[in-house]
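Results of the structural survey
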Amino acid sequence: MHGALRRAHGRQGGTTLDRFRLNGLVRSVAFAGRRGRVYRRIVELSGTGPGDRVLDVGCSSGYLVRLLAAAAGPSGSVTGLDPSEGAIAYARRRGPGGASFTVGVAQDLSAFADGAFDVVTSTLALHHVPARKRQDALREMYRVTRAGGRLLIADFDPSRRAPRLHAGAARMRQAAAATGPLDDLAVTAGYRAESAGTLPLLRYVTAVRPPA
């Protein structure tokens, strides 16, 4: 099985992860059965609660969106954004009530108004954004976060060894390292960093857009 995963993942082209279902399988194996627990912790760290309007940037097949929607409840809403049309089509078929999905990139959130969201999240997506566009992506996240709203970014922890089953493990580790400190990106965009830490395979930062 691991050999098949290596071969298939090695054929994956570009950074839009159109083989999103395979990517989800690889993530599940990489987290060694802990993905649900890790992602539920991400929801907790994001501070998402009933009635919140949430944007998940780089949502892939919508796994985190579905968890965020449960936390936001029927009075809230969650929007998932991803550059892969295939991933968005899949997410729409599986999305719960209160969730919507749109094709787009992190560095251009012009489809959304200033201050449109109470919470913005992005998990395992930032290392796919071209290096010269990463700060633009954070500035756009800041723009669409309301004053007093919250940000959570999580990405691979370059200090952790990625599972050997992943053909692109070394490249992912290099990309994650090149992303730099997540809190620096958030603060440069205008957020106030609140906390930073690690989860299995991941590092994260939480931040707040200062009240006006």
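Before any of the text, the structure's been laid out above.
Residues numbered from 1 in each chain as written. Predicted model: local features only at pLDDT ≥ 70, side-chain atom pairs only at ≥ 80, totals over all residues. Heavy atoms only, no water.

**Digging into unusual backbone geometry**
Formally: Strands here are runs of E lasting at least two residues and helices are runs of H or I lasting at least four, both read from the DSSP assignment and numbered beginning at the N terminus. Categorising residues by exposure relies on relative accessible area from a 1.4 Å probe, with only protein chains included: less than 20% of the type maximum marks a residue as buried, more than 50% marks it as exposed, and the intermediate range marks it as partly exposed.
The phi dihedral of L124 falls on the positive side, at around 55°, and the residue is not glycine. Take L124: it is sitting in the loop between β4 (117–123) and α6 (134–144). Positive phi, normally seen in glycine, also occurs at L201, with a value near 75°. Using a relative accessible area of 14% as the deciding quantity, one classes L201 as buried.

**Concerning the nonpolar core**
The nonpolar side chains of a soluble globular protein tend to be buried with one another. Rule in force here: As used here, the term nonpolar core means buried Ala, Val, Leu, Ile, Met, Phe, Trp, Tyr and Cys residues forming a set that is joined through side-chain atoms within 4.5 Å.
Membership of the largest hydrophobic core comes to 25 residues, with the highest contact counts inside it found for I42, V78, L199 and L202. Of all elements in the fold, only α3 (35–46), α4 (63–72), α5 (85–94), β5 (145–156) and β7 (202–208) reach the threshold of two or more residues within this core. Listed in part, the 23 residues of the second largest apolar core include A186, A189, Y191 and V205.

**Remarks on the pattern of salt bridges**
Here is the rule: When a carboxyl oxygen of Asp or Glu lies within 4 Å of a side-chain nitrogen of Lys or Arg, that pair is called a salt bridge.
Scanning all chains against the criterion turns up 8 salt bridges. Note that R41 and E44 form a salt bridge whose closest N and O atoms lie 3.1 Å from each other. Highlighted residues: R41 and E44, both in helix α3, separated by 3 residues, approximately one helical turn. Between R143 and D114 there is a salt bridge whose closest N-O contact spans 2.7 Å. Here D114 lies in the loop between β3 (99–103) and β4 and R143 lies in helix α6, a separation of 29 residues in the sequence. Look at R143 and you get partly exposed, because its relative accessible area is 22%. Of the residues examined, D114 reaches a relative accessible area of 57% and is grouped as exposed.

**Some thoughts on the packing of α3 against α4**
Short version of the rule: Structural elements are reduced to axes, namely lines fitted to C-alpha atoms, with helices fitted over the stretch in contact, and the angle between N-to-C directions of any two is expressed from 0 to 180 degrees. We call two directions roughly parallel when the angle between them is under 35 degrees, roughly antiparallel when it is over 145, roughly perpendicular when it lies between 65 and 115, and oblique otherwise. Each crossing is labelled by how the near helix is turned from the far one, with a counterclockwise turn of less than a right angle marking it left-handed and a clockwise turn marking it right-handed. Contacts: residue pairs with any heavy atoms within 4.5 Å of one another. Three categories are distinguished: nonpolar for Ala, Val, Leu, Ile, Met, Phe, Trp, Tyr, Cys and Pro, charged for Asp, Glu, Lys and Arg, and polar for the others, with Gly belonging to the last.
Two elements in contact, α3 and α4, have axes whose closest approach is 10 Å; the angle formed by their N-to-C orientations is 50°. One finds that α3 runs oblique with respect to α4. Here α3 and α4 pass one another in a crossing that is right-handed. Residues R35, G36, Y39, R40, I42, V43 and S46 of α3 lie in contact with α4, whose contacting residues are Y63, L64, L67, L68 and A71. Each residue belonging to the contact of α3 with α4 can be placed in one class, and the counts come to 8 nonpolar, 2 polar and 2 charged.

**A short note on the side chain of D155**
Quick reminder of the rule: A 3.5 Å cut-off defines polar contacts: any pair of N or O atoms within that distance qualifies, except that in protein one atom must be a possible hydrogen donor and the other a possible acceptor, and neighbouring residues in sequence count only when both atoms are side-chain atoms.
Structurally, the position occupied by D155 is in strand β5. Side-chain polar atoms of D155 contact the side chain of H127, separated by 2.7 Å. Once residues lying within four places of it in the same chain are set aside, the contact partners of D155 are L124, A125, L126, H127, L182, L201, L202 and R203.

**A closer look at the packing of aromatic side chains**
Quick note on the threshold: Here the aromatic set is Phe, Tyr and Trp, taking the six-membered ring for Trp, and pairing holds for ring centres within 6.5 Å; pairs whose planes are under 30 degrees apart are stacked, those over 60 apart are edge-to-face, and all others are tilted. A ring is scored as having a charge over it whenever the NZ atom of a lysine or the CZ atom of an arginine sits within 6 Å of its centre and within 35 degrees of its normal.
Enumeration over the complete set of coordinates arrives at 3 aromatic pairs. Taking 5.3 Å as the distance between ring centres and 75° as the angle between the ring planes, the aromatic pair formed by F112 and F117 counts as edge-to-face. For F112, a relative accessible area of 14% corresponds to the buried category. Measuring from ring centre to ring centre gives 5.2 Å for Y142 and Y191, while their planes differ by 90°; the resulting arrangement is edge-to-face. Of this pair, Y142 sits in helix α6 while Y191 sits in the loop between α8 (182–189) and β6 (192–199), placing them 49 residues apart in sequence. Stacked on the ring of Y142, the Lys or Arg R209 has its end atom at 4.1 Å from the ring centre.

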